[in-house]
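The primary structure of each chain is shown beneath.
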Amino acid sequence: MDDYLTEEEQWDRVKAWMKQNLPWLVAGIAIAVAGLLGWRWYEARQERQYAAAAKTYGELVEAFTKNDVAGAVKLTDQLQKDHPGTGYAETAALATARIQLESQQHVQAIERLQRVMGSTKDPELALLTRLRIARVQIDQNKPDDALATLSAATPGAFAPRYAEARGDALLAKGDRAGALQAYREAESAGGTTVDAELLQLKINDLTRS
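Residues numbered from 1 in each chain as written. Predicted model: local features only at pLDDT ≥ 70, side-chain atom pairs only at ≥ 80, totals over all residues. Heavy atoms only, no water.

Enquirer: Got a sec to walk through the packing of helix H5 (residues 123–139) against helix H7 (residues 159–172)? Specific residues and values, please.
Expert: At a closest axis distance of 10 Å, the pairing of H5 and H7 adopts a crossing angle of 15 degrees. Considering the angle they form, H5 stands roughly parallel to H7. Every pair of crossing elements has a handedness; the one defined by H5 and H7 is left-handed. Taking contact as the criterion, the partners of Leu-127, Leu-128, Arg-130, Leu-131, Arg-135 and Ile-138 in H5 are, on H7, Arg-161, Tyr-162, Glu-164, Ala-165, Asp-168 and Ala-169. Within the contact of H5 with H7, the residues separate by chemical class into 7 nonpolar, no polar and 5 charged. (Axes fitted to C-alpha atoms, helices over the stretch in contact; angles between N-to-C directions. Helix = DSSP H or I, 4+ residues; strand = E, 2+ residues; numbered from the N terminus. Parallel < 35°, antiparallel > 145°, perpendicular 65-115°, else oblique. Left-handed = near helix turned anticlockwise from the far one by under 90°. Contact = heavy atoms within 4.5 Å. Nonpolar A, V, L, I, M, F, W, Y, C, P; charged D, E, K, R; others polar.)

Enquirer: Account for the nonpolar core, naming residues and giving values.
Expert: Residues Leu-150, Tyr-162, Tyr-183 and Leu-199 are the most contacted members of the largest nonpolar core, which totals 22 residues. Elements that contribute at least two residues to this core include exactly H5, helix H6 (143–151), H7, helix H8 (176–189) and helix H9 (196–208). With 8 residues, the next largest nonpolar core counts Leu-75, Leu-79, Ala-89 and Ala-92 among its residues. (Core = buried A, V, L, I, M, F, W, Y, C linked by side-chain atoms within 4.5 Å. Buried < 20%, exposed > 50% of the residue type's maximum accessible area, 1.4 Å probe, protein only.)

Enquirer: An account of the packing of helix H2 (residues 69–82) against helix H3 (residues 87–102) is requested, with residue identities and associated values reported.
Expert: It is the contact of H2 with H3, at a shortest axis distance of 9 Å, that shows an interaxial angle of 145 degrees. The interaxial crossing formed by H2 with H3 has left-handed handedness. In contact with Val-69, Ala-72, Val-73, Thr-76, Leu-79 and Gln-80 of H2, H3 contributes Tyr-88, Ala-89, Ala-92, Ala-93, Thr-96, Ile-99 and Gln-100. Here the contact of H2 with H3 is composed, by residue class, of 9 nonpolar, 4 polar and no charged.

Enquirer: Give me H8: which residues, what numbers.
Expert: If you check H8, its first and last C-alpha atoms are 20 Å apart, about what 14 residues at 1.5 Å a residue would give, namely 20 Å. If you check which residues of H8 are buried, you get Gly-178, Ala-179, Leu-180, Ala-182, Tyr-183 and Ala-186. Looking at the packing, one finds that the buried side of H8 touches H7 and H9. Of the residues trailing H8, Gly-190 is marked for its positive phi of about 65 degrees. (Expected span 1.5 Å × (residues − 1).)

Enquirer: Can you break down H2 residue by residue, with the values?
Expert: Between its first and last C-alpha atoms H2 spans 20 Å; for 14 residues at 1.5 Å apiece the expected length is 20 Å, and the two agree. Looking at H2, one finds that the buried residues are Gly-71, Ala-72, Leu-75, Thr-76, Leu-79 and Gln-80. Summarising the axial view, the buried residues of H2 lie within an arc of 170 degrees, below the 170-degree limit, and thus occupy one face. Turned more than 90 degrees away from the buried face of H2 sit Ala-70, Lys-74 and Lys-81, all of them exposed. (Arc of directions from axis to C-beta.)

Enquirer: Explain the side chain of Glu-90 to me, using residue names and the numbers behind them.
Expert: Mapped onto the fold, Glu-90 is located in helix H3. Despite its burial, Glu-90 remains without a salt bridge, the nearest opposite charge being carried by Lys-121 at 8.3 Å. At a separation of 2.8 Å, a polar atom in the side chain of Glu-90 contacts the side chain of Thr-120. (Lys, Arg positive; Asp, Glu negative; His and termini not counted. Salt bridge = Lys/Arg side-chain N within 4 Å of Asp/Glu carboxyl O. Polar contact = N/O pair within 3.5 Å; in protein donor to acceptor, adjacent residues only side chain to side chain.)

Set out below in structure tokens:
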């Protein structure tokens, strides 16, 4: 039918269509442009954050090199506050927690490890950090706290290590039967996540006495 319209009539139809639909077209283009600019802003912001985290981490390494523990702790706190969940913050926190443990600052170390566990986006790191917390609690002679920590997560591939730690906690409570059962559970799970020889020594110690 349009073939029989004059050029002027066709142009009138085009103008009518544009009048009706142009606002939607403009809005669609505006949304697309805003999305693109927003994504570029987000990428630039992420790059700035990682650059800042890298700079702070470099200062942290220098502090460790100079045995400036107080300075390292301060920089680690800054990383965990400003850049939580990044590899820089997590690595710094784990290193500082180890130093605090060696200095018998167990409470501070556990708090730091808990922040890593709660902020990391890596599920395996969260599981390993939880396991580390439980082992610190065992060292503190708090086996019940360790058992609660271990039972609060599904260990997945780390099931053997969790079972061994549970055995250590039960043994610390004086529950030799429970400890032996946990050690055997760790042994049957197999894998390379546990020290097989050490685990066997623990089993032998309980079965010989």
